[in-house]
2 protein chains.
Amino acid sequence: MVKKIHEILEKAQQMEPMTIAVACAQDEEVLLAVEEARSQGIVQAILIGNVEEIISIAEVHSINLRLYTCINVLDIKEAARLAVELVATGKAQILMKGILDTSVILQAALDKEVGLRSGNILSHVAVFDLSSHYHKLLLVTDVAMNIAPDIHIKQQIIENAVEVAKALELINPKVAILCAKEKVDAKMGATIDAAKLQMMNEQGEIKHCIICGPLALDVAVSKASAQLKNINHTVAGDADILVCPTIEAGNILYKCLVFLTDAQSAGVIVGAKAPIVLTSRADSAQTKLNSIALSVLLAGNYA
Amino acid sequence: MVKKIHEILEKAQQMEPMTIAVACAQDEEVLLAVEEARSQGIVQAILIGNVEEIISIAEVHSINLRLYTCINVLDIKEAARLAVELVATGKAQILMKGILDTSVILQAALDKEVGLRSGNILSHVAVFDLSSHYHKLLLVTDVAMNIAPDIHIKQQIIENAVEVAKALELINPKVAILCAKEKVDAKMGATIDAAKLQMMNEQGEIKHCIICGPLALDVAVSKASAQLKNINHTVAGDADILVCPTIEAGNILYKCLVFLTDAQSAGVIVGAKAPIVLTSRADSAQTKLNSIALSVLLAGNYA
């Protein structure tokens, strides 16, 4: 079981390198992240996009492009489509976004003909190492994709996060459905969904995890809080996965951990037939590398 | 301007002690918090409730009850009503919850005859000192009272938080209306409200603060993020007040800061004619003292 974020990279290094297909790779930050992951021995890369621009960036940073496959595709949608096709046909195992709109690459990934649809919705899973503030890795979802998920979407968000847990060798992860309190309250729809999700888990409809909800965040991560509030459940104080009720709650929690703590993190889009890496400019170089390493572990899972 | 949480206590110590009316004071944790605040010279207290039980607790902890006014009221609702009346009639300046349901004391506070109604809704304001992770105090609201506030309630939540900022000598505080992104998105109602609130502020309908929204949390608290996303607004990267879109988002942000960081905090209910202190068992002794000190500063404001 992976307990610290640096173990994600270490585990990825023990595997055969995966191939990552980068759509619109003509971006300095993206190329530096891919080069770092390649030099760490965790990926090989196919760079799709404006090769002239890729060459100029590579020259500035002494990146040896002979170690890459480069495919010149100037049209952005076509670059996205080709990257997806390379993954769909098994020539690459991971899809990565370069300098194009997120919506364009996701549209290509969700294309019904050459796409990477798996039947599940796509969702974002973040993995946090909170150092001394929590005794293990904490997965947070969904902070980026699904705006106001209904209970069926929440089920898929949980299933996607459980896939990430599996890649981290977390068997039967403990899933906390976050709300503002621990009691079902008709005025708070999130509490009703949370209780239903727990019931679906108890009845075997959602498998491979242990779900508890509704829970406020303190009870999910603090045994002392759980005790004070008399919440006696194996998930209380020991959650592996935090499921947020809305994109606002998720995004605020994610940004709080990234920008107001020393937490280290990795992130990946799950739910397609292959992991999708969407790093953002605000991510540190380490976070980008962590995210690629996480996608390597996940791709190993799918293989 | 108060920049660190310990200055809240120091400022309260420089004022004349306020009187705090405690409803159902027969609770160990509450009495210890009040005794600490009294011994620090920031409050005098009227203890309302089961005096026999108050005496037993005081004996165990060597609390000298001759320094207090005690009023024996065994009925819980009546104890709440009397505490509210003492504040409404100026015999106390702060209302504090002892061992009774929050709903009972709030109902008494909102009573149309003897209550403390001011016209505004009640909301919770938390004050955080994030140490090296932020360059000043950060106010977070509403994490406890209003479930899914509409724009009119959000306006009052902002006005209540601005009152707390004023007590901290923060003139014209910078208010970030938190959402999952910076652009108005018809699929995310919170972004529409946020843009309207900013407009209402620009048109002078919401005064004594500078509002910016929609903002994701990173842009609210990080100048680097604001720059990367090309957000050029005086609030970006320098927010004093974070307004959360829903109780779930607020509660999760609050619990994250309290339970997953080293942040120090204080909290108070605002919007009535006097501050209301509702400490929770999960609060540390220091947080309880900070919260009473914050209510003293606020009461000084109302006076």
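Above this note sits the structure.
In this text the structure is predicted, and so the values were computed from the model without any measurement.

Q: Please explain the pairing of strand 3 (residues 69-72) of chain A as it appears in this structure.
A: Within a regular beta strand, the side chains point alternately toward one face of the sheet and then the other, so they alternate between its two faces. Residues and elements named next belong to chain A. Relative to strand 3, strand 2 (residues 43-49) runs parallel, the two being bridged by four bridges. Paired with Gly 49 across the strands is Asn 72, a residue of strand 3. A crossover links strand 2 with its parallel partner strand 3, the connecting element being helix 3 (residues 51-60), and its sense is right-handed.

Q: Would you take a moment to explain unusual backbone geometry for this structure?
A: Where the residue is not glycine, phi is negative for most of them; where a peptide bond is considered, it is trans in most cases. Gly 213 of chain A connects to Pro 214 of chain A through a cis peptide bond whose omega is 0°. Considering the arrangement of structural elements, one finds Pro 214 of chain A in strand 8 (residues 210-215). Although it is not a glycine, Ser 131 of chain A sits at a positive phi angle of roughly 55°. If you trace the backbone, Ser 131 of chain A turns up in the loop between strand 5 (123-129) and strand 6 (138-141). The backbone of Cys 24 of chain B sits at a positive phi, close to 60°, despite the residue not being glycine. Take Cys 24 of chain B: its relative accessible area is 2%, and that puts it in the buried class.

Q: I would appreciate a short explanation of the side chain of Ser 225 of chain A in the present structure.
A: By the secondary structure assignment, Ser 225 of chain A is in helix 9 (residues 223-228). Within the local environment of Ser 225 of chain A, its side chain forms a polar contact with the side chain of Asp 218 of chain A, the two groups lying 3.0 Å apart. Residues contacting Ser 225 of chain A, with those up to four places away along its chain left out, are Asp 218 and Val 219 of chain A together with Phe 259 and Ala 282 of chain B.

Q: Help me understand the pattern of salt bridges, please; the structure alone is not making it clear to me.
A: Oppositely charged side chains may form a pair once their charged atoms are brought near each other. Overall, the coordinates contain 32 salt bridges over all chains when judged by the stated rule. Put simply, Lys 136, Lys 174, Asp 238 and Asp 240 of chain A are held in one network by salt bridges that share partners.

Q: Teacher, can you tell me more about the side chain of Lys 154 of chain B here?
A: All names here are of chain B. In this structure, Lys 154 sits in helix 6 (residues 151-167). There is a polar contact of 2.8 Å between the side chain of Lys 154 and the side chain of Asp 193. Apart from the residues within four sequence positions on either side, Lys 154 is in contact with Pro 149, Ala 190, Asp 193, Leu 197 and Pro 245.

Q: What should I look at first to understand the relation of the copies chain A and chain B in this one?
A: Put simply, the second copy of the chain is the first one after a rotation about an axis and a shift along it. The transformation that overlays chain A on chain B combines an axial shift of 0.0 Å with a rotation of 180°, and the residual RMSD is 0.0 Å. When the rotation and shift are considered jointly, the pair of chain copies conforms to a two-fold rotation axis. When C-alpha positions in chain A are compared against the rotation axis, the closest is assigned to Ala 249 of chain A, at 2.0 Å. Mapped onto chain B, 97% of the interface residues of chain A are again interface residues, and the two copies thus contact each other with one and the same surface.

Q: Help me understand helix 7 (residues 189-202) of chain A, please; the structure alone is not making it clear to me.
A: Because an α-helix packs 3.6 residues into every turn, residues spaced three or four apart end up facing the same way. With 14 residues, helix 7 of chain A extends 20 Å between its outermost C-alpha atoms, agreeing within 8% with the 20 Å of an ideal straight helix rising 1.5 Å per residue. Every buried residue of helix 7 of chain A is listed here: Ala 190, Thr 191, Asp 193, Ala 194, Leu 197, Gln 198, Met 200 and Asn 201 of chain A. Where helix 7 of chain A is buried, its residues meet helix 6 (151-167), strand 7 (174-178) and strand 8 of chain A together with helix 10 (247-259) of chain B.

Q: What am I meant to see in the interface of chain A and chain B here?
A: Many authors give the size of an interface as the accessible area that is lost as the parts come together. Taken together, the contact between chain A and chain B spans 35 residues of the former and 34 residues of the latter. Counting the surface lost from both chain A and chain B, the interface buries some 3,100 Å², and carbon and sulfur atoms represent 78% of this. Considering only the side of chain A, the residues that lose the most area to chain B are His 133, Ile 252 and Leu 260 of chain A, jointly responsible for 23% of the buried surface there. The tally of links between chain A and chain B comes to two salt bridges. For Lys 255 of chain A, the salt bridge is made with Asp 218 of chain B, and the minimal N-O distance between the two is 3.2 Å. At the boundary of chain A with chain B, the tally comes to four residue pairs in polar contact (both at pLDDT 80 or more). Residue contributions to the side of chain A that touches chain B peak at 10 residues, all from helix 10 (residues 247-259) of chain A.

Rules behind the numbers
Residues numbered from 1 in each chain as written. Chains lettered and ligands numbered in written order. Predicted model: local features only at pLDDT ≥ 70, side-chain atom pairs only at ≥ 80, totals over all residues. Heavy atoms only, no water. Pairing = 2+ DSSP bridges. Helix = DSSP H or I, 4+ residues; strand = E, 2+ residues; numbered from the N terminus. Right-handed = clockwise from strand over helix to strand, strands pointing away. Buried < 20%, exposed > 50% of the residue type's maximum accessible area, 1.4 Å probe, protein only. Polar contact = N/O pair within 3.5 Å; in protein donor to acceptor, adjacent residues only side chain to side chain. Contact = heavy atoms within 4.5 Å. Salt bridge = Lys/Arg side-chain N within 4 Å of Asp/Glu carboxyl O. Least-squares fit on C-alpha atoms with pLDDT ≥ 70 in both. Expected span 1.5 Å × (residues − 1). Buried area = accessible area lost by both parts, 1.4 Å probe.

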